[in-house]
Amino acid sequence: MDWGKVDDRESVAAIRRAVDLGVNFFDTADVYGLGRSERILAEALGPQRRDVVIATKFGVNWQEVPGGRAKTFFDSSPAHVLRALDASLRRLKLDCIPLYYIHWPDPNTSIDSTMETLMRCQAAGKILHIGVSNFSPDEIRQACLIQPLTCVQAHFNLLRREAETTLLPCCRELNIALIAYGPLAQGLLTGKYGADAKFNSDDRRSRLPHFSKDALSNNLEVVKKLRNVGSQSGKTPGQVAIRWILDNPSISSAIVGLKSTKQLDENLGAMDWHLTSEQISYLTGA
């Protein structure tokens, strides 16, 4: 799913172990693997899919290209809302999606028409809660003029902190939960990648700016700080990076990806402890 080689059997095993360990919130999107992620999640959860909170997203449409990567484009038009929602319901084997996000703003569609369509779907019992992802504060406010949002999802981690002065104040004001994705900066903050890190073309990290040669050396200085704090707490750099987000009172949840039970167990090590105020200041350079 654009992260290099993935073993579906390991993914299924990791999801099932997560449920056994008490994880009850799973985030995906229709465009992840062009529907594959939703199907695997439904397979892994089985009957338990109705006992957990599943969030999925729409708004990035795609066209299959023979012999090549699919062509993706923003599409939050009312017609696509209906098609995408029904397709996600089928893949997830659900009658109602607990949390349904607009994945990205669509410059060609008014937010009013998208929100009004989502509200009709909500009234029909196909959606429980509505959220947005990757929206600016102004776009969030505009959506809330039609109906209050339950959640906002945003990219947030120690290397990407602009949400602290933009989205977090907006969400506090409007009483909207903010959910952080990318807390490990696509694996960089785990400490497993050095200055010589290289990725194949089928791995999106080969195209991400924080893995570029120019940015990597500075970003690895943050990893050193995570190691230092981890050594004080008996934790790994990745666990400290996740805990830094969870200790922010304005963040409701952190979304961490996993390919295996090993990664799951590593990520769950961020639970049930806290950073000191001194450690937080050290990490943020305050």
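Residues numbered from 1 in each chain as written. Predicted model: local features only at pLDDT ≥ 70, side-chain atom pairs only at ≥ 80, totals over all residues. Heavy atoms only, no water.

**Q** Any chance you could break down the overall build of the protein for me, citing the residues and the numbers?
**A** In terms of regular secondary structure, the protein is built from 10 helices and 9 strands. Per-residue burial for the protein yields a buried fraction of 48% across its 286 residues. Of the contacts formed within the protein by residues at least 6 apart in sequence, a portion of 75% connects residues at least 24 apart. Summed over all atoms, the accessible surface of the protein reaches about 14,200 Å², with 51% contributed by carbon and sulfur. Across the protein, the centroid of the 34 positively charged side chains sits 4 Å from that of the 32 negatively charged ones. (Helix = DSSP H or I, 4+ residues; strand = E, 2+ residues; numbered from the N terminus. Buried < 20%, exposed > 50% of the residue type's maximum accessible area, 1.4 Å probe, protein only. Contact = heavy atoms within 4.5 Å. Areas by Shrake-Rupley, 256 points an atom, 1.4 Å probe, with all protein chains shown as cover. Lys, Arg positive; Asp, Glu negative; His and termini not counted. Charge placed at Lys NZ, Arg CZ, Asp CG, Glu CD.)

**Q** Go over the sheet that holds strand β7 (residues 151–155) with me, naming the residues and quoting the values.
**A** Strands sit in the order β1-β2-β5-β6-β7-β8-β9 across an open sheet of 7 strands; the sheet is parallel. The open sheet has two free edges, formed respectively by β1 (25–27) and β9 (253–255), since each of these has just one partner strand. Averaged over neighbouring strand pairs, the angle between their axes works out to 25° when direction is ignored. Strand direction decides the pairing type here: strand β2 (residues 53–58) and strand β5 (residues 97–102), joined by 4 bridges, are parallel. (Pairing = 2+ DSSP bridges. Axes fitted to C-alpha atoms, helices over the stretch in contact; angles between N-to-C directions.)

**Q** Can you tell me about the packing of aromatic side chains, naming the residues and giving the values?
**A** Enumeration over the complete set of coordinates arrives at 3 aromatic pairs. For the ring pair Phe58 and Tyr100, a centre distance of 5.0 Å and an interplane angle of 20° mean the geometry is stacked. Here Phe58 is found in strand β2, whereas its partner Tyr100 is found in strand β5, with 42 residues between them in sequence. Above the face of the Tyr282 ring, Lys225 is positioned so that its terminal group lies 5.3 Å from the ring centre. (Phe/Tyr/Trp six-rings, centres within 6.5 Å; stacked < 30°, edge-to-face > 60°. Lys NZ or Arg CZ within 6 Å of the ring centre and 35° of its normal.)

**Q** Run through the side chain of Ser76, naming residues and quoting values.
**A** Along the polypeptide, Ser76 turns up in the loop between β4 (71–74) and α3 (78–92). Setting aside residues no more than four positions away along its own chain, Ser76 makes contact with Phe58, Gly59, Val81, Ile102, Trp104, Asp106, Thr109 and Thr114.

**Q** Tell me about the packing of helix α4 (residues 111–123) against helix α5 (residues 137–146), and name the residues and values.
**A** At a closest axis distance of 9 Å, the pairing of α4 and α5 adopts a crossing angle of 45°. The orientation of α4 relative to α5 falls into the category oblique. When the axes of α4 and α5 are compared, the crossing they make is right-handed. Residues Ile111, Asp112, Met115, Glu116 and Met119 of α4 form the contact with α5, whose participating residues are Gln142, Ala143 and Ile146. (Parallel < 35°, antiparallel > 145°, perpendicular 65-115°, else oblique. Left-handed = near helix turned anticlockwise from the far one by under 90°.)

**Q** Summarise the environment of Ala124; cite the residues concerned and give the values.
**A** Structurally, the position occupied by Ala124 is in the loop between α4 and β6 (127–133). Look at Ala124 and you get exposed, because its relative accessible area is 58%. For the pair Ala124 and Arg16, spaced 108 residues apart in sequence, the C-alpha separation works out to 31 Å.

**Q** Give me the environment of Ile146: which residues, what numbers.
**A** Structurally, Ile146 is set in helix α5. Looking at Ile146, the relative accessible area reads 25%, which means it is partly exposed. Considering only alpha carbons, one finds Ile146 and Arg9, 137 residues apart in sequence, at a separation of 42 Å. Not counting the four nearest positions on each side in its chain, Ile146 is found in contact with Asp112, Met115, Glu116 and Met119.

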